[in-house]
Amino acid sequence: MKKEGRKGLRDLFSMQGEDPEFLRELRREIGEQEPDACFQCMRCTSGCDAFKFQKGYKPHQLVGFARLGLKERMVGSEVIWSCTTCSYCREVCPQRVAPVDVVKAARRLAVREGRAVEDHRKIAGYLIRTGHLVPVSETVKELREKLGLPGTPPTTHASQKALEEVGELLRRTGFARLLGEEKDG
Amino acid sequence: MVKGEYAFYLGCITPNRYPGIEAATRKVFERLGIGLRDMEGASCCPAPGVVGSFDALTWLVLGARNLSLAEGMGLDVLTVCSGCFDTLFEVNRVLKEDPGLRDRVNELLSGVGRSYRATVEVYHFTKVLHDYGVEELKKHVRRPLGLKVAVHYGCHLLRPSEHKGMDNPLAPRLVDELVEALGCESVDYPSRLMCCGAGGGVRSAFLKYSLEFTRRKLQELKERGVDCLVDVCSFCHLQFDRGQKEIEDLFGETFGMPVVHYSQLLGLAMGMSPAELGMDAHAVSCEPLLRKLGP
Ligand code: SF4
Ligand code: SF4
């Protein structure tokens, strides 16, 4: 990129994206939060535990990529799935940016492009089939009864009608198509 | 909304992995004279970090469906898992604030004969207990516990604090006051506010990496010689309890740290037996802790 302005100082607030279409989409996806106010102080990254344990994960960098519209560095990188969504970054950002929301937005765009992590597809399948990301098991049913609870909890597990409602909503939002396993489709 | 009674939102991990937390919650609230009613046909909240990372509309619509069940009962919602709390609280807030979005969600809900007017409130059970009053709570303590505990706040109880506004997110006291009410000492430790490692779909995608968080916290607790870790979220509970077995397998490190959900700790202090609180069904034995308490 060409350096502009006096002494090579670039105006950090007017950087232009490299992929305007992606930028628009990302911004829509981010929703309430504005990544533009970020001045790359790195306070988010310095307190981020994902940064401590996962090499190459830096929330301030992802916010920077978002502002520049560097699509592949975001949706094309598995590193975006390292965030535990702990929201610490959002709490400490002096500019009221929420890096966590930028990361989640990038993930949703990745999923939309069919780049969901395989294990996530699996648990999404549980949601579609049972209404729960973590369904009950026979062992737990026994434990529930021992505790004086109904073996089957009073959730979608106990109501076919409720389960059908959830299934219908997942079809209507496109979730089932996006994350369902082909063979179920 | 009727006070003194709540719609008890179960979620997934509580009823389907740690029903002891469900049993404990039902029992302690009954003791306090606060009613909990089942939300029949509720689904996954859906999980904020997982489904919220897949598709925003799905997260909103399933959340709204769950909230509509409570609205139909005329009750506010109570949760014992901070993930569920985060989703239901945030979905509710967004739908209250944005009528346009509410219309869009209701259009989808009408396809299954439901609607949500955004009239309920969503509470985490620690907030309900704290509002009930620490002094009032003490009156129900039959057996002051005298334990040295480490509180794990988890992430989604307090953060993001902008709208939840329950306590100082960087120096909280809410849960410390609740454990102190039961005669426990709450020990400070450096990673007090650190995530358990499970959130955001990290546990299912990268188990070993997610356990790095868990392990770091457990190391600090072991050094400080605490009797147990106290959590207020069923997902954190799973990560610390089952996670210790996984850490043994993947890192060859053993902690033997009992993991107790606050509903269970309160039950013990009220004189309930560990078995009726499901504490004999944890992956990590609670025996050392129970021995210290005596008969
Ligand atoms: S803390 Fe805020 S302003 Fe600083 S780098 Fe992170 S997002 Fe940007
Ligand atoms: S929410 Fe994600 S990016 Fe932000 S501090 Fe937590 S792990 Fe790091």
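Cut-offs applied
- Residues numbered from 1 in each chain as written.
- Chains lettered and ligands numbered in written order.
- Predicted model: local features only at pLDDT ≥ 70, side-chain atom pairs only at ≥ 80, totals over all residues.
- Heavy atoms only, no water.
- Buried < 20%, exposed > 50% of the residue type's maximum accessible area, 1.4 Å probe, protein only.
- Helix = DSSP H or I, 4+ residues; strand = E, 2+ residues; numbered from the N terminus.
- Pairing = 2+ DSSP bridges.
- Domains from an automatic or database assignment.
- Axes fitted to C-alpha atoms, helices over the stretch in contact; angles between N-to-C directions.
- Contact = heavy atoms within 4.5 Å.
- Buried area = accessible area lost by both parts, 1.4 Å probe.
- Salt bridge = Lys/Arg side-chain N within 4 Å of Asp/Glu carboxyl O.

Here the focus is the pairing of strand 3 (residues 76-79) of chain B. All names here are of chain B. Both faces of strand 3 are covered, namely the face carrying Asp 76 and Leu 78 and the face carrying Val 77 and Thr 79. Across four bridges, strand 1 (residues 5-9) lies against strand 3 in parallel orientation. Residue pairing across strands places Tyr 9 opposite Thr 79, the latter belonging to strand 3. The sheet contact formed by strand 3 and strand 4 (residues 122-124) spans three bridges and is parallel.

Time to look at the domain arrangement of chain A. A common way to express how large an interface is: the accessible area buried when the components associate. Considered domain by domain, chain A is made up of domain 1 (20-112) and domain 2 (118-178). Spacing between the C-alpha centres of domain 1 of chain A and domain 2 of chain A amounts to 31 Å.

Residues and elements named next belong to chain B. With parallel pairing, the four strands of this open sheet are ordered in space as 2-1-3-4. Of all strands in the sheet, those bounded by a partner on one side alone are strand 2 (35-38) and strand 4. Shown here is a sheet whose adjacent strand axes are inclined to one another by a mean of 40°, direction ignored. Where helix 2 (residues 19-32) meets the sheet, its contacts fall on strand 1, strand 2 and strand 3, and the angle it forms with strand 2 comes to roughly 140°.

Below, the discussion takes up the interface of chain A and chain B. At the interface, 60 residues of chain A touch 71 residues of chain B. For the pair chain A and chain B, the two sides together bury roughly 5,300 Å², of which 64% comes from carbon and sulfur. On the chain A side of the interface with chain B, the three residues burying the most area are Phe 53, Glu 91 and Leu 169 of chain A, jointly 13% of the side's total. Along the contact surface separating chain A from chain B lie six salt bridges.

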